[in-house]
Amino acid sequence: MMPNADTVVILDFETTGLSPDCGDRAIEIGAVRIEKGVIKERFQKLMNPGRPVDSFIANYTGITNAMLKGAPSCEEVMGEFADFIGDHNLVAHNASFDKRFLDAELARISRHYAGTFACSMLVARRIYQDAPNHQLGTLIDHLNIPVKGDFHRALYDSEMTSQLWLAMLEKIAGHSSSRAISFSLLQKLAKTPKKGVAKLLKG
DNA sequence: TGCCAGGCCCTCTTTAGGGCCTT
């Protein structure tokens, strides 16, 4: 069955490091499911990676070994999360990072996500070419989106990414016939050379 | 043994190098 183009799941992983190929594991997953531009459901779980997190990660995320001690295993949480995302389209800020961890953690439980993953950072680099940089926090500030929590926690970052995503949908709304095709349009934008962005938006 | 990301994108480019972005 084809995924519903009106529905996207925007997700964010906190991890023990930068690369699952170097043994790093997920320690938290946060996600929101958006239907027709409205957040309908949230998912947030800490998970025990079976190894301690170092002081850098504890300071960066605020997630401590004490917090992870009683958390369910990565395998248990990722099974629940696989059910949550189903075959919906996915979005993340710097999606290549989150996709590597999603694929690696799902592979450990013999699950697989075969749907489409879009990157809000690649789209933002094209739509907001005048932003100071394209870090999530900078873009949120650039767009004057109210900040009500702490960055570098999975659910909050996924909520902020969803606000960025909706703002970008709004910005191109005048160039798109409906929200239903916005996901594919933004995917095209993410792969369009910057010089060609204006032409693509004009249709 | 020792070290270790990786994809995107720009430019002083394409037979390459380095910054950005994620934890």
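Preceding block: the structure.
Residues numbered from 1 in each chain as written. Chains lettered and ligands numbered in written order. Predicted model: local features only at pLDDT ≥ 70, side-chain atom pairs only at ≥ 80, totals over all residues. Heavy atoms only, no water.

Draft legend 1. Examining the layout of surface pockets more closely. In this model, the largest pocket occupies a volume close to 590 Å³. Looking at the largest pocket, it is lined by 24 residues, and the ones nearest its centre are D12, Y60, F97, H152 and D157. Those elements giving two or more residues to the lining of the largest pocket turn out to be β1 (7-15), α1 (55-61), α4 (95-108), α6 (136-142) and α7 (154-172). Along the lines of polarity and charge, the residues of the lining of the largest pocket split into nine nonpolar, ten polar and five charged. (1 Å grid on protein atoms, 1.4 Å probe; cavity = no way out; pocket = protein on both sides within 12 Å on 5 of 7 lines; lining within 4 Å. Points joined across faces, edges and corners; volume = space filled by probe spheres on them. Helix = DSSP H or I, 4+ residues; strand = E, 2+ residues; numbered from the N terminus. Nonpolar A, V, L, I, M, F, W, Y, C, P; charged D, E, K, R; others polar.)

Draft legend 2. Examining the environment of G196 more closely. Inspection of the secondary structure puts G196 in the loop between α8 (182-190) and α9 (197-202). Given a relative accessible area of 24%, G196 falls into the partly exposed group. As a C-alpha pair, G196 and D83 span 113 residues in sequence and 38 Å in three-dimensional space. (Buried < 20%, exposed > 50% of the residue type's maximum accessible area, 1.4 Å probe, protein only.)

Draft legend 3. Local environment of the protein's contact with DNA strand B. Near DNA strand B lie 29 residues; those nearest to it are E14, Y60, N94, R126 and H134. For DNA strand B, the backbone makes up 65% of the atoms found within 4 Å of the protein, where backbone means sugar plus phosphate. Between DNA strand B and the protein, one listed contact pairs a phosphate oxygen with a side-chain N or O atom of D12 at 3.5 Å. Separating a base nitrogen of DNA strand B from a side-chain N or O atom of R100 is a distance of 3.4 Å. (Near = heavy atom within 4 Å. Polar contact = N/O pair within 3.5 Å; in protein donor to acceptor, adjacent residues only side chain to side chain.)

Draft legend 4. Focus on the sheet that holds strand β4 (residues 89-92). Spatially, β3-β2-β1-β4-β5 is the arrangement adopted by the five strands of the open sheet, whose pairing is mixed. The open sheet has two free edges, formed respectively by β3 (38-46) and β5 (117-119), since each of these has just one partner strand. Each strand of the sheet is rotated relative to its neighbour by a mean of 25°, with strand direction disregarded. Contacting β1, β2 (26-35), β4 and β5, α4 runs over the sheet at an angle of about 80° to β1. Sheet strands touched by helix α5 (residues 120-127): β4 and β5. Its angle to β5, the strand with the most contacts, is close to 40°. (Pairing = 2+ DSSP bridges. Axes fitted to C-alpha atoms, helices over the stretch in contact; angles between N-to-C directions. Contact = heavy atoms within 4.5 Å.)

Draft legend 5. Representation of the packing of helix α3 (residues 74-85) against α4. Where α3 contacts α4, the axes come no closer than 9 Å and their chain directions differ by 115°. The angle between α3 and α4 falls in the class roughly perpendicular. In this structure, the crossing between α3 and α4 has a hand that is left-handed. Side by side, α3 and α4 meet where C74, M78, F81, A82 and I85 of the first sit next to L102, E105 and L106 of the second. When the residues that make up the contact of α3 with α4 are grouped by side-chain class, the tally is seven nonpolar, no polar and one charged. (Parallel < 35°, antiparallel > 145°, perpendicular 65-115°, else oblique. Left-handed = near helix turned anticlockwise from the far one by under 90°.)

Draft legend 6. Representation of the packing of aromatic side chains in the model. Using the criterion set out here, one finds eight aromatic pairs in the structure. Taking the centre distance of 5.5 Å and the plane angle of 20° together, the rings of F56 and Y60 count as stacked. Note that F56 and Y60 are positioned in helix α1 at a spacing of four residues, about one turn of the helix. By relative accessible area, Y60 is classed as partly exposed at 41%. An angle of 20° between the planes, with centres 6.1 Å apart, marks the rings of F81 and F84 as stacked. Of the two residues, F81 and F84 are both situated in helix α3; the distance of three residues between them amounts to about one turn of the helix. By relative accessible area, F81 is classed as buried at 0%. Overall, the relative accessible area of 11% leaves F84 in the buried class. Among the aromatic residues, those joined into a ring-pair cluster are F13, F43, F81 and F84. (Phe/Tyr/Trp six-rings, centres within 6.5 Å; stacked < 30°, edge-to-face > 60°.)

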